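Here's the letter readout for the chains.
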Amino acid sequence: MTTEIETQNILSGVHHVTAITSSAQKNYDFFTNILGLRLAKLTVNQDDYETYHLYFTGEEGKSPNMTFFDFKDIPKGMHGANNIERASFRVPTDESLVYWTKRFEQAHVKHGEINVKFGKKTLEFEDFDGQKYQLISDQDNTGDAALDRSWILSNVEPEHGIIGMGPVFVKVTDTYNLRIILETVFGFRYAGQENNLHLFEVANGGNGAALIIEEAEENERYAYQGYGTIHHLALGTANPETLKYWIERIQTFRLPHSGLVDRFYFSSEYVRVAPGVLFEIATFTPGIGALEMAEAGEGAVDSYEEALITSGFWIDETKEEAGKDLSLPPHLFPEDEAVKARTAASLRPLDTSDTMRDRRQDELWTVDKVVERKEGESLEEFEQRYLG
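Residues numbered from 1 in each chain as written. Predicted model: local features only at pLDDT ≥ 70, side-chain atom pairs only at ≥ 80, totals over all residues. Heavy atoms only, no water.

**A short note on the overall build of the protein**
And step 1. A tally of regular secondary structure across the protein gives nine helices and 17 strands.
And step 2. For 388 residues, the compact-globule estimate of 2.2 N^0.38 gives 21 Å, and the protein sits close to it at 20 Å.
And step 3. The dimensions of the protein, computed from C-alpha atoms along their principal axes, are 60 × 50 × 40 Å.
And step 4. Per-residue burial for the protein yields a buried fraction of 59% across its 388 residues.
And step 5. Of all intrachain contacts in the protein linking residues separated by at least 6 positions in sequence, the fraction that spans at least 24 positions is 68%.
And step 6. Accessible surface for the protein amounts to roughly 16200 Å². Of this, 47% is attributable to carbon and sulfur atoms.
And step 7. With 37 positive and 65 negative side-chain charges, the protein shows a separation of 3 Å between the mean positions of the two kinds. (Helix = DSSP H or I, 4+ residues; strand = E, 2+ residues; numbered from the N terminus. Rg over C-alpha atoms; globule rule 2.2 N^0.38 Å. Buried < 20%, exposed > 50% of the residue type's maximum accessible area, 1.4 Å probe, protein only. Contact = heavy atoms within 4.5 Å. Areas by Shrake-Rupley, 256 points an atom, 1.4 Å probe, with all protein chains shown as cover. Lys, Arg positive; Asp, Glu negative; His and termini not counted. Charge placed at Lys NZ, Arg CZ, Asp CG, Glu CD.)

**Describing the sheet that holds strand β14 (residues 230–237)**
And step 1. What the eight strands build is an open sheet, ordered β2-β3-β4-β1-β14-β17-β16-β15; its pairing is mixed. Only two strands of the sheet have a single partner each, and these edge strands are β2 (38–45) and β15 (261–262).
And step 2. Pairing analysis gives five bridges linking strand β1 (residues 14–20) to β14, with the strands arranged antiparallel. Bridging from a neighbouring strand, T18 pairs with H232 of β14. (Pairing = 2+ DSSP bridges.)

**Observations concerning the UniProt feature "domain: VOC" (unreviewed entry) in the protein**
And step 1. Within this numbering scheme, the UniProt entry marks residues 13–138 as carrying the feature "domain: VOC" (unreviewed entry).
And step 2. Here residues 13–138 is 19% helix and 43% strand, with 15 Å between the C-alpha atoms at its ends. (UniProt positions renumbered as here; feature names shortened; annotations may be inferred.)

**Quick word on the packing of aromatic side chains**
And step 1. In this structure the tally under the stated criterion is 25 aromatic pairs.
And step 2. Counting every residue linked through ring pairs, the aromatic cluster contains F30, F31, F56, F68, F89, Y99, W100, F104, F125, F128 and Y133.
And step 3. Across the ring face of Y190, the terminal group of R179 is positioned such that the distance to the ring centre comes to 4.0 Å.
And step 4. Geometry around W365 places K369 over its ring, the cationic atom sitting 4.4 Å from the centre. (Phe/Tyr/Trp six-rings, centres within 6.5 Å; stacked < 30°, edge-to-face > 60°. Lys NZ or Arg CZ within 6 Å of the ring centre and 35° of its normal.)

**Let's talk about the nonpolar core**
And step 1. Grouped together as the largest cluster of nonpolar side chains are 78 residues, with contacts concentrated most on F89 and F186.
And step 2. Apart from residues no more than four positions distant in its own chain, F186 is found in contact with I5, L11, I181, V202, W246, I250, V271, V273, F279 and I281.
And step 3. Membership of the second largest hydrophobic core comes to 17 residues, among which are A40, Y55, Y265 and M293. (Core = buried A, V, L, I, M, F, W, Y, C linked by side-chain atoms within 4.5 Å.)

Here it is in structure tokens:
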């Protein structure tokens, strides 16, 4: 069994983070009207069709890629040991954190003070569910540049907008065992320690290719999943061929895993790396089904070659259409309109019809306003009621 990983197969850092929300409507409003990300895809959880799956990205539909499930009747989760604790978003400069501190104050977003972790300035904050995040400055980043740019229709100042996913925090009771798995199986390298935090990097390192493993306190209560917690994190690989390599490698190391799962928007492999901690490896190209659609000339792109460099969210519908209405992946919902109708009817009301509205002159929403909006209430109805 070899631990060496060929250059072409080295993982590329954080692909996306998937969390659980109490409300798809409030989640949509918080991310678009306060954080300034675009809804790149509105679809369903492919393992539970009665649950929405929302994908938020930057302008080009690439990273930042923060996604959410809204499982019906799920209780509030609890943070603690054996848990993916916090996601990070990259912003361009240290000055951006000053901008966001003021924006969070105005929006009544719970936040901390600007701090320094492993030589990078950071700003922690929470959403309406108590979901934990941080912003991290790219000013002193030594790794790869971010894959995306801030959403041009947002009212966030372009020079300060979110441009990528940053380090993800994983809190465990057994840091030694997880370190062995990160280094031996996934090819991460140990990059330093600050107090109870351990930094690991992969590929070219830096903000986009890092995990931070946090030592749980002695006798700290165990986390359990619910709304306000993270479901899993995904690491990126180049394409279906490199994903095949990872599936075989993980099988060799006998870690619990899913095998190939085609999510259409990307292809994946899921692997349990610690109690309560689920990793995914996902392709940066669209998934196998999406590439087959493009190759057959049936997609929203002009060619297979274009599909390879286009966000997987925009293979079955265009960039301009994406997010406005429910989109069901063709490989799961071929031409059965009755099944599609039943699926849509089983979901909670949700209005995202204004997803491509130009927000550049909009007044900043507050968390209070986000929480006030009813499920599925149109923006026009809500504004009339909210403003009296």
